[in-house]
2 protein chains.
Amino acid sequence: MNYFSSDFKLGILGGGQLGKMLLTETRKFDIQTLVLEPNEEAPARYGCNGFFKGALLDFDTVYEFGNMVDLLTIEIENVNLDALDKLEEEGLPIYPSPKTLRLIQNKGRQKDFYVANGIPTSAHQRFVDIFDLRKSLEKDELNFPFVWKSAQFGYDGNGVKICRSALDLVKLPEVECIAEQLVPFKNELAIIVARSVSGEVKTYPVVEMEFHPEANQVEYVVCPARIDEKVAKKATEIALKVSQAFNHVGLLAVEMFQTEDDEILVNEVAPRPHNSGHYSIEASYTSQFENHIRTILDLPLGNTDSKVAGIMVNLVGEEGYSGQVIYENIEKIMAIDGVTPHIYGKRETRPFRKMGHVTIVNEDMTEARRIAEEVKNSIRVISEVK
Amino acid sequence: MNYFSSDFKLGILGGGQLGKMLLTETRKFDIQTLVLEPNEEAPARYGCNGFFKGALLDFDTVYEFGNMVDLLTIEIENVNLDALDKLEEEGLPIYPSPKTLRLIQNKGRQKDFYVANGIPTSAHQRFVDIFDLRKSLEKDELNFPFVWKSAQFGYDGNGVKICRSALDLVKLPEVECIAEQLVPFKNELAIIVARSVSGEVKTYPVVEMEFHPEANQVEYVVCPARIDEKVAKKATEIALKVSQAFNHVGLLAVEMFQTEDDEILVNEVAPRPHNSGHYSIEASYTSQFENHIRTILDLPLGNTDSKVAGIMVNLVGEEGYSGQVIYENIEKIMAIDGVTPHIYGKRETRPFRKMGHVTIVNEDMTEARRIAEEVKNSIRVISEVK
C-alpha cells in the first residue's frame, strides 16, 4: 500500500488536541487525512485535508464519514459504535476495532474484561444506577470507602468520586456506575503500548503521573518513572498482557497503580494517543503520534526509547478566569533551555480546561524536574478579565 | 504582544517545503498564519489558516497580501522587493528586511557586501551579461578556470557552472553574472545563525555537507561536522560576523568552504530556514523552524544544541522517472531505529526534484553515518512508469 503523497485517505473521528498532534505526523508523511468533529473551532481544524463538522455519536454522520475514507481511527472513544460495526462489516479497516471500543467505553465491562483475562485490577462491583448502588450499601454488600465511577463518558476526573460516607453520594448523577475498592497507592504509572496490524509490538518507558489534587487532572508526567527497575519490568509485562488481551491495534495507554507493597493494578486504558505520552514529541526517538500512525497503517514501528529525560506539564485554565485566553509569562518559560510549549488552539479558557502542555527535556532528570516546577509556577492560563 | 491563540496574523511569502515545516511550528504555538504561493498544490497548502494563490514577484499581489497580516516573513528570496519596501515604509514589520533581501538576491551585490565588510570570501568579478564576461576573458582580465554564477534566481545548483575552457561557456544564459575564483576545498560547511528582533543571537553547530556530483544538490548533511574544533570555532565566528554585518533578523544560513589550508571562505547565505538545518527537527533541542518563528516574533531563542548526532539525506527524484511519485522501500528504512522520513507533498516526481528528506539520528555519529548510507542506498523516489 502506498500512503505517501497518494490518494489514500485516513479518517480521524474527533478533532481535539490529540487529532491536531496526529495531523503533525500525517503532514510530515503527506498522508491525506479527513477529520470529523462537532466543534468547527476545534484544534484539528487546520492541518487536515478535509474537515467535516458533525456529531460523533450520530449513526448517519459517522457512517457517511467512514464511506469517504480508506481507513478509520479515533482520537476520542465516545463515537457511534453501531456505525463503526457496519463500516467494519462492509470491509473498512478500523483501528482500534469497534469491539475494543465497546469494551472500553463502559468501565464496568472494561473491569470485567480484566478479571476475565487474569489482569490485576482493584476489586469492583457494577450497578445499573445510583439507586442500585444504594441498595447494595443498605444490604452491606458494598461498604465505604470506595471509588465511584460513572460507567460511561467519564473524562479527566469527571465521573470519578472517592466516597467515604453517604454525604459523598448526594450529588452523584443517576447513571450506570461502578464502585471500586479504594487502594492506597504510592505511584500512578502509565505505559503506552504500540501494536501494529501485523502484530509488531513496542512499549514506551514507564511514566509517572502526578495529579492536581482538586481538578483530578494530570499535572506532571515524568519519563522515565523514578521507580525500581523490577517494578518497571512488572508494569511493562502487565501492559503487554493487556494489549494482547484486547488484540489491540494502535496505541494503548495503560494506566496503573503501584500499591504500597509494589503490586501493579491496572486502572484503565485509553485506546489512542494519550496525555501521558505527550512528552514523546520532544523526548523520544519516535513520538506516540507518529507511532500511532505507523501501527494503524501497518508500517514498521519507530524506536520508543528516549533521547533525553522528559517531563510534561499540562496547561489548564486557571480557576476564576473565563474568556479569550492569555498565556501569561509564556515568554519567560520559553527562555529556559529545553522548554517547549504546545498551545492547542482553544481561544476560550475555562477553569481546568486543557489548553495546552509544556514539555521539558534535559539530559539530567533532576534538572528537568526542577525546571518543570519553575515552568508550572511561572506560566498562567488566564483571560483579560476575571 | 500576545501571539498565542490570538488575532495576530503572520504572513509567509512562499509555500514550499520550508513554509510547510514552518507551519508545523505555528500550529504547535497556535499562531495564525497566512501563506502566499503561486502553486495551489504546494506543500504549505495545508496547515495554514489561509492560503492565497498568487505570484510572489507581482507588486500588487505581494502588497495586498502584506496588508492582511501583522508581520511578514519569507521562505524564498525571490519576491517582489518594491512591495516589501512600501509595506515596511507603512509600518509593517518584515523579517528578513527587504534591504537584506535586496543585497542577497543579487550574488554580485552579496559578494561586494562581504568584501566591504571584511568577510573572507573567494575573489570575484561582476559582469552585466555573458558578453561582458567574454570581453574580460579576451582582455585577460579574467582567466580559466573560474566559477560562473548567475547573479539572480539561482537555486540548488541551477545557475552555477565551473568553467575550465571556452567550451563551458557555450550553453550559459545571457543574464547578469559573476565569475568566482575556483578555490580547492576540503569541506563545504554551513552554520545557521538565529538572531531575534532585539538582537539575541544563537548559532547551531557547524554542519558538513556532501553534494551529489551531478545534480549539485546536497546529498548528506552531517551534524556536527567532523572537523577540528579550531576550524569549527573560526567558522562560527565568521558566521556571526556575517549575521551582524547584515544586522539580520531571522535565520541566516551561512554556507562556507573550508580550504585545503583550513581557511574559511563564505560562499553564500540564505536568510531563512535552510536545507542544511533540517536535521534539527529530530536532533536539536529546538528546530530551526521553531527558532525562525522565535526570532521574528522577538521571543527568547530556543537551545540550538543537539540531543544526538543527526544526518540528513535529501530525497530527490531519480533520473529517468517523471509522474505520480512512489517512495520505493520507504517501509524498509522506517524499520531502522532513528530514521524519520519527511515527505514534502509533491505528487509529481521529476529528475532531481526535491521531494523530501530523511533524518537519521543516533547517539553515535559513526553508526548514524552508516545508517544514512543504508537509507540512501535503499529508498528510491520513482514513478510507476518511466
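Residues numbered from 1 in each chain as written. Chains lettered and ligands numbered in written order. Predicted model: local features only at pLDDT ≥ 70, side-chain atom pairs only at ≥ 80, totals over all residues. Heavy atoms only, no water.

1. Re the UniProt feature "binding site: ATP" (unreviewed entry) in chain A
Residue and element names in this part refer to chain A.
And then number 1: When the UniProt feature table is mapped to this numbering, "binding site: ATP" (unreviewed entry) covers Lys-107, Lys-149, Glu-180, Gln-181, Leu-182, Val-183, Glu-188, Asn-267 and Glu-268.
And then number 2: Topologically, Leu-182 is positioned in the loop between strand 8 (177-181) and strand 9 (185-195).
And then number 3: Apart from residues lying up to four places away in sequence, Leu-182 is in contact with Pro-145, Phe-146, Val-147, Ile-162 and Arg-164.
And then number 4: In this fold, Asn-267 is placed in strand 14 (residues 264-270).
And then number 5: In terms of polar contacts, Asn-267 uses its side chain to reach the side chain of Lys-149, at 2.8 Å. (UniProt positions renumbered as here; feature names shortened; annotations may be inferred. Helix = DSSP H or I, 4+ residues; strand = E, 2+ residues; numbered from the N terminus. Contact = heavy atoms within 4.5 Å. Polar contact = N/O pair within 3.5 Å; in protein donor to acceptor, adjacent residues only side chain to side chain.)

2. A few points about the pattern of salt bridges
And then number 1: Counted under the stated rule, the structure contains 54 salt bridges over all chains.
And then number 2: In this structure, the salt-bridge partner of Arg-126 of chain A is Glu-176 of chain A, at a minimum N-O distance of 3.6 Å. With Arg-126 of chain A in strand 5 (residues 124-127) and Glu-176 of chain A in the loop between strand 7 (160-163) and strand 8, this pair connects stretches of sequence that are 50 residues apart.
And then number 3: On the basis of relative accessibility, which here comes to 29%, the residue Glu-176 of chain A falls in the partly exposed class.
And then number 4: Glu-180 of chain B is the salt-bridge partner of Lys-149 of chain B, the closest N and O atoms lying 3.2 Å from each other. Separated by 31 residues along the polypeptide, Lys-149 of chain B in strand 6 (residues 146-150) and Glu-180 of chain B in strand 8 (residues 177-181) bring together distant segments of the chain. Both residues of the pair, Lys-149 of chain B and Glu-180 of chain B, count as buried.
And then number 5: Where salt bridges share partners, they join Glu-208, Glu-210, Arg-226, Arg-369 and Glu-373 of chain A into one cluster. (Salt bridge = Lys/Arg side-chain N within 4 Å of Asp/Glu carboxyl O. Buried < 20%, exposed > 50% of the residue type's maximum accessible area, 1.4 Å probe, protein only.)

3. Quick look at the relation of the copies chain B and chain A
And then number 1: Of the two same-sequence chains, chain B is brought onto chain A (RMSD 0.0 Å, axial shift 0.0 Å) by a rotation of 180°. Classification of the inter-copy transformation places it as that of a two-fold axis. Across chain B, the smallest distance between a C-alpha and the rotation axis is recorded for Gly-47 of chain B, namely 1.8 Å.
And then number 2: Mapped onto chain A, 100% of the interface residues of chain B again fall at the interface, so both copies present the same surface. (Least-squares fit on C-alpha atoms with pLDDT ≥ 70 in both.)

4. Some remarks on the sheet that holds strand 4 (residues 71-74) of chain A
Residue and element names in this part refer to chain A.
And then number 1: The parallel open sheet is built from four strands, whose spatial order is 3-2-1-4. Each having just a single partner strand, strand 3 (50-53) and strand 4 make up the two edges of the open sheet. Across this sheet, the average inter-strand angle for adjacent strands is 20°, counted without regard to direction.
And then number 2: Pairing of strand 1 (residues 9-13) with strand 2 (residues 32-37), which is carried by five bridges, proceeds in the parallel orientation. Each bridged residue has a counterpart across the sheet, and for Leu-10 the counterpart in strand 2 is Thr-33. (Pairing = 2+ DSSP bridges. Axes fitted to C-alpha atoms, helices over the stretch in contact; angles between N-to-C directions.)

5. Side note on the interface of chain B and chain A
How big an interface is tends to be reported as the loss of accessible area on association of its parts.
And then number 1: Contacts between the two partners involve 49 residues from chain B, matched on the other side by 49 residues from chain A.
And then number 2: Each partner contributes to the roughly 4000 Å² buried at the junction of chain B and chain A, and carbon and sulfur atoms together form 52% of this total.
And then number 3: At the boundary of chain B with chain A, the tally comes to four salt bridges.
And then number 4: Among the salt bridges present, the one from Asp-337 of chain B reaches Lys-202 of chain A, with a minimum N-O distance of 3.8 Å.
And then number 5: Here chain B and chain A share 16 residue pairs in polar contact (both at pLDDT 80 or more) between them.
And then number 6: Sorting the residues of the side of chain B that touches chain A by element identifies helix 1 (17-28), helix 9 (288-296), strand 16 (323-328), helix 10 (330-334) and strand 17 (339-343) of chain B as the ones contributing at least two each.
And then number 7: A per-element tally of the side of chain B that touches chain A places strand 17 of chain B first, with five residues.
And then number 8: Of the residues contributing to the side of chain B that touches chain A, the split by class is 21 nonpolar, 13 polar and 15 charged. (Buried area = accessible area lost by both parts, 1.4 Å probe. Nonpolar A, V, L, I, M, F, W, Y, C, P; charged D, E, K, R; others polar.)

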